[in-house]
Amino acid sequence: MSSARPDDLAPSTLVVSAGRPPRTQGGALNPPVVLSSTNVSQGVPGAGELLYGRMDTQAWHPFEEALGRLEGSAHPALVFGSGMASIAAAFSLVPDGGRLVLPRHAYQVTIGYAVDLADRHGVDVELVDIDDTAAVVAALPGTSMLWVESPTNPMLEVADLPVLVAAAHAAGALVGVDNTFATPLVQRPFEHGADIVVHSVTKYLAGHSDVVLGAALADDDALHAALHAYRTLHGSIAGPFEVWLALRGLRTLALRVERAQATAVELAARLASHPVVAQVRHPSLPTDPGHDRATRLMDGYGSIIGLRPRGGAAAADAVVAALELWVPATSLGGVESSLERRRRFATESRTVPDDLLRLSVGIEDVEDLWTDLDRALRAGAHL
Ligand SMILES: *Cc1c(COP(=O)(O)O)cnc(C)c1O
């Protein structure tokens, strides 16, 4: 299953072609859903032999191979039951009493997990502004793991990944990257030397808001083995149907990302000059603090937009309530455009503005999306 690197196929080809069954006359084009909790086996098991469904199963391999090749990893990905399960596996590499540095605006449940590690395992957790390279580097001495999200959720800060990876390695720290927002079509952290990459497959990779799933990848043999062992020991595994659906969703990832990004660029530009908009964050905007870095490091700007309507949190809630096409919901990365005011969650970071709406741009017609958004902004926000 291990993939050659560098891959000679473009990512937009890999999403379609990787993880297919061998070509045999009359054989199925697509991999099957494999429903089997155990495998035929007797005697002393050989290396890598399939034995039991919690350890490894054919049901995961096509998706794992495809994602491994997309991220340019020396190993196939490891699927997990959720994005958080894959993050837990990555964080298991931080020893008790170790030090974990992570973005102040990382996914809020990631921060919650780090706080739990601090409380119960004596881990020294420090939150940093991941776009402030000097501040991150200053936090690195004694660090076991630097965690990176870029762009961050929901503030859309862009990290200088190659510089941070080099500095973290010089300080003896592992670097883990949550690549959920960018997807491997837009950013491949292993190219910048990252040690671990995780995904909430729930979002763009599966892409249809019908699956909760995660994945973790490591280039290094020992790290890959450690993540695999964690999955087996904790049983944080994925079901065959979910993984099959994720592979099916992955087949259109390039088209979806291309379309959603183009629409996000257009909407961000229009929002930037809208009379009832106080602030827009999208790295595509020339005035955005992350613009130059994103242009240099990413193959696109992603399709999440941060939006602060005039009139504060009440106005933001009124905008959400007035929308008819955009779906009010948490999560992101589906074919449908959705949004939410992040601070409606008591657990969201207090440094996220109370009135910030996080928009996940889908693949609907750009003019329909704009008409709905413009109307709701005028109805809900205040001049
Ligand atoms: C949703 C999300 C997660 C968590 O993934 P689940 O699949 O919900 O467990 C982690 N990181 C980011 C950036 C996310 O958006």
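Residues numbered from 1 in each chain as written. Predicted model: local features only at pLDDT ≥ 70, side-chain atom pairs only at ≥ 80, totals over all residues. Heavy atoms only, no water.

Colleague: What is the right way to read the layout of surface pockets from this model?
Modeller: The method is simple in principle: a probe with the dimensions of a water molecule rolls over the atoms, and the space it marks as empty is what remains. Volume-wise, the largest pocket comes out at about 370 Å³. Around the largest pocket, the lining is made up of 19 residues, and of these Met 55, Asp 56, His 224, His 228 and Arg 231 lie nearest the centre. Here the lining of the largest pocket takes six residues from helix α7 (residues 221-234), the largest share from any one element. Among the residues making up the lining of the largest pocket, the classes are represented as eight nonpolar, six polar and five charged. Volume-wise, the second largest pocket comes out at about 310 Å³. No other element matches the three residues that helix α3 (residues 83-91) contributes to the lining of the second largest pocket. (1 Å grid on protein atoms, 1.4 Å probe; cavity = no way out; pocket = protein on both sides within 12 Å on 5 of 7 lines; lining within 4 Å. Points joined across faces, edges and corners; volume = space filled by probe spheres on them. Helix = DSSP H or I, 4+ residues; strand = E, 2+ residues; numbered from the N terminus. Nonpolar A, V, L, I, M, F, W, Y, C, P; charged D, E, K, R; others polar.)

Colleague: Sorry if this is basic, but what is going on with the sheet that holds strand β11 (residues 338-341) here?
Modeller: Picture the strands of a sheet paired through backbone hydrogen bonds; they go either parallel or antiparallel. Pairing is mixed across the open sheet formed by five strands, whose spatial order is β8-β9-β12-β11-β10. The strands lining the two open edges of the sheet, one partner per strand, are β8 (277-281) and β10 (327-328). Strand contacts of helix α9 (residues 253-272): β8, β9 (304-309) and β12 (357-360), with the helix running at about 15 degrees to β9, the strand carrying the most contacts. Contacts from helix α11 (residues 312-322) reach β9, β10, β11 and β12, with the element oriented near 155 degrees to β11. (Pairing = 2+ DSSP bridges. Contact = heavy atoms within 4.5 Å. Axes fitted to C-alpha atoms, helices over the stretch in contact; angles between N-to-C directions.)

Colleague: Is there a simple way to think about the site of the ligand in this case?
Modeller: Around the ligand, 14 residues are found, and the nearest of them are Met 84, Asp 178, Ser 200, Thr 202 and Lys 203. Within the backbone of Gly 83, one N or O atom sits 2.9 Å away from an oxygen atom of the ligand. With respect to the ligand, the side chain of Thr 202 contributes an N or O atom lying 2.7 Å from an oxygen atom. When the free accessible area of the ligand is taken as 380 Å², the share hidden by the protein chains comes to 92%. Here the ligand is seated within the second largest pocket. Broken down by element, the residue count for the shell around the ligand peaks at three residues, all from α3. Partitioning the shell around the ligand into residue classes produces five nonpolar, six polar and three charged. (Near = heavy atom within 4 Å. Polar contact = N/O pair within 3.5 Å; in protein donor to acceptor, adjacent residues only side chain to side chain. Areas by Shrake-Rupley, 256 points an atom, 1.4 Å probe, with all protein chains shown as cover. Sits in = over half its atoms within 2 Å of the grid points.)

Colleague: Help me understand the sheet that holds strand β5 (residues 174-178) in this model?
Modeller: Spatially, the seven strands line up as an open sheet ordered β1-β7-β6-β5-β4-β2-β3, and their pairing is mixed. Every other strand in the sheet has two partners, leaving β1 (78-80) and β3 (124-128) as the edge strands with one partner each. Ignoring which end each strand starts from, the neighbouring axes of this sheet average 20 degrees apart. Here strand β4 (residues 145-149) pairs with β5 via five bridges, running parallel. Paired with Val 148 across the strands is Val 177, a residue of β5. Most of the contacts of helix α6 (residues 161-170) go to β5, to which it runs at about 150 degrees, and overall it touches β4 and β5.

Colleague: Explain the packing of aromatic side chains here, please?
Modeller: To describe a pair of aromatic rings, you give the distance between the ring centres and the angle between the ring planes. Enumeration according to the criterion identifies two aromatic pairs in this entry. An angle of 80 degrees between the planes, with centres 4.9 Å apart, marks the rings of Phe 91 and Trp 147 as edge-to-face. One end of the pair, Phe 91, is in helix α3; the other, Trp 147, is in strand β4, and 56 residues separate them in sequence. Here the two residues Phe 91 and Trp 147 agree in accessibility, since each one is buried. What links up through ring pairs into an aromatic cluster is the set Phe 91, Tyr 113 and Trp 147. Lying across the ring of Tyr 107, Lys 203 places its NZ or CZ 5.3 Å from the centre. The ring of Phe 80 carries the charged tip of Arg 231 above its face, separated from the ring centre by 5.9 Å. (Phe/Tyr/Trp six-rings, centres within 6.5 Å; stacked < 30°, edge-to-face > 60°. Buried < 20%, exposed > 50% of the residue type's maximum accessible area, 1.4 Å probe, protein only. Lys NZ or Arg CZ within 6 Å of the ring centre and 35° of its normal.)

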